[in-house]
Amino acid sequence: LIPEMGILSSIYFQDKLNTDTPLEATIGLRISNYNLSGDNYIEPRVSITYALTDQFTLKGSAGQYTQFLHRFSNNFTIGGKKFVWIQSNEQLKPVSSQQFDIGFQHENDYWTTGVSVYQRTYNNLLDFSRLVSPMHPYLALSEGSDQDNLLMGSGNSKGLELFLHKKSGPLHGWLSYTFGKIEHLFPELNNGKPFLADHDRTHEFKAVAITSPGTWDITLSWIYSSGMTYTPIGKKIDGFPPYVYVLIYSIIPEDSSANRNTERLDPIQRIDLSITKHLELFSSHWELGFSIFNLFNKKNISHTKFVDSEGNILPTEVHMLGITSTFHIHLSL
C-alpha cells in the first residue's frame, strides 16, 4: 500500500520589477502536478523591498506553498529513526501553507540591524500518534477501515525576529532572538482546543563572537532555547507488545483528547568554541582547526521516555550530545 515512487512536475515564472523608484518587487508563479494525488497546484508568490532611505529598508513577502511529504512520527518508536517521511496521495492530502512576513532593516558600513514579524497558516496536517507503522496511514483510509485512527487538522505559526550584526572591527559577530508560537488544531484532540506543536520553541537566542588576531580565527557561539513541549500524562499502550516504551512528549494521555503538550522540558543551552590557524607551508595553504562542541558539557534533555519496569511506568531522561572535540586539517594546493 505504500507508494514506492511519486512524480512531481513543476514549472515556474518569475519577474523582477524595477520601476526606477525606491520600490523593487519580485513576483512569481509556480504550477505543479503531483501524480499520486492527481491534482494541480498553483502557488503565487511575491516579495518587495522599499528603500525608505539609503540605510533604512522595508522588506516583505507573501506566498502559497505545498509540501508533498508527511513526517510520520508515533508514540511507540524511541530508537533508530523516529521520523520517517511518507508520500501524499489522493487520501493523504499534501500540506498547504500560506506565509507572510514583513520587517525593517538598517544597514551601514559597520552594523546591520533588523526586525521582522511572520505569520503562517497550515492545512491538511496529519497526526500519526495512534498508528504503529508507516503503512497504517494508508490502511486507515482504505475502504472499510476505521478512519478515526488518522486525524487531520490545521495549524498556524507566528512570531517576531530580531537581528544585530557587527560587520567589522577586531571583534565582530551577531546576535539574534526569535519569539514564536506554533499551534495545531485537531477537533478530536485536546477537547477541540488549539495546542502547542511538538517542535514549538517559544524563545531562541543565538550569539556568535569572532576575532581574527594575525593568522588565527577564534569563534565563540552561544545558543539558548526553550525546551520541547510534551504531554504530562502517559500509560502503557495495551495490545501492542512489545511496545512498552513511549515517548513522554508525544504520549497518549489517559484521556487522549485532553492536556496535549501542556508541559515543557527544561531550556536548552550550549556554548561552542572553534580555533583555526592558517599557515603557508611548502607553497601551500594549510588550515589547522580545533573545535569543542558543548564546551561546558551541559546536560540538555532531548526528550523523556517511559520505561515499564516490573509493572511500574518510570520516566527516563534522554540527553543530547555532551562535550565533543573535533580536529581538522585543510590543505589548499
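Every chain is numbered independently, its residues counted from 1 as its sequence is written. The predicted origin of the model limits local features to residues at a pLDDT of at least 70 and limits the giving and counting of side-chain atom pairs to 80 or more, whereas totals for whole chains, interfaces and linings rest on all residues. Excluding hydrogens and water, the side-chain figures rest on all heavy atoms present in the structure.

Within the protein chain, the regular secondary structure consists of one helix and 21 strands. To sort residues, take the accessible area from a 1.4 Å probe on protein chains only and compare it with the maximum for the residue type: under 20% means buried, over 50% means exposed, and anything in between is partly exposed. Counting over 333 residues, the protein chain shows a buried share of 31%. Considering only residue pairs separated by 6 or more positions, the protein chain has 59% of its internal contacts joining residues 24 or more positions apart. The Shrake-Rupley method, run with a 1.4 Å probe sphere, supplies the accessible areas, and residue values consider only the shown protein chains as cover. When the accessible surface of the protein chain is totalled, it reaches about 19400 Å², and 58% of it is carbon and sulfur. Helical segments are the DSSP runs of H or I of at least four residues, strand segments are the runs of E of at least two, and each set is numbered from the N terminus. Contacts are residue-level and defined by heavy atoms, with any inter-residue pair within 4.5 Å sufficient.

Here Ser 283, not a glycine, exhibits a phi torsion of approximately 60°, which is positive. Within the secondary structure, Ser 283 is located in the loop between β17 (268-281) and β18 (284-293). On the basis of relative accessible area, Ser 283 is assigned to the exposed category, the value being 80%. The phi dihedral of Asn 297 is positive, around 55°, even though this residue is not glycine. Mapped onto the secondary structure, Asn 297 falls in the loop between β18 and β19 (301-309).

Its place among the elements puts Ser 226 in the loop between β13 (216-225) and β14 (229-230). According to the relative accessible area criterion, Ser 226 is buried, its value standing at 9%. Leave out the neighbours within four places in its chain, and Ser 226 touches Arg 201, Thr 202, His 203, Arg 264 and Pro 267.

Right, let's get into the confidence of the model for the protein chain. Interpretation of the predicted coordinates at a detailed level should be avoided for regions scoring low in pLDDT. Residue-level confidence of the predictor is what pLDDT reports, using numbers from 0 through 100. Per-residue confidence for the protein chain averages 85 on the pLDDT scale, and 83% of its residues sit at or above 70. Low pLDDT, under 50, characterises residues 235-257; the stretch is placed with 75 contacts to residues that sit more than four places away or in other chains.

It is worth spelling out the environment of His 285 at this point. Looking at the secondary structure, you find His 285 in strand β18. Exposure remark for His 285: the relative accessible area of 24% places this residue in the partly exposed category. In this structure, the C-alpha to C-alpha distance between His 285 and Ser 332, residues 47 residues apart in sequence, is 5.1 Å. Sequence-distant contacts of His 285, that is, excluding residues within four places in its chain, are made with His 278, Leu 279, Glu 280, His 330, Leu 331 and Ser 332. Any pair of N or O atoms that falls within 3.5 Å is considered a polar contact. Within protein, one atom must be able to donate a hydrogen and the other to accept it, and sequence-neighbouring residues count only if both atoms are side-chain atoms. Side-chain polar atoms of His 285 contact the side chain of His 278, separated by 3.3 Å.

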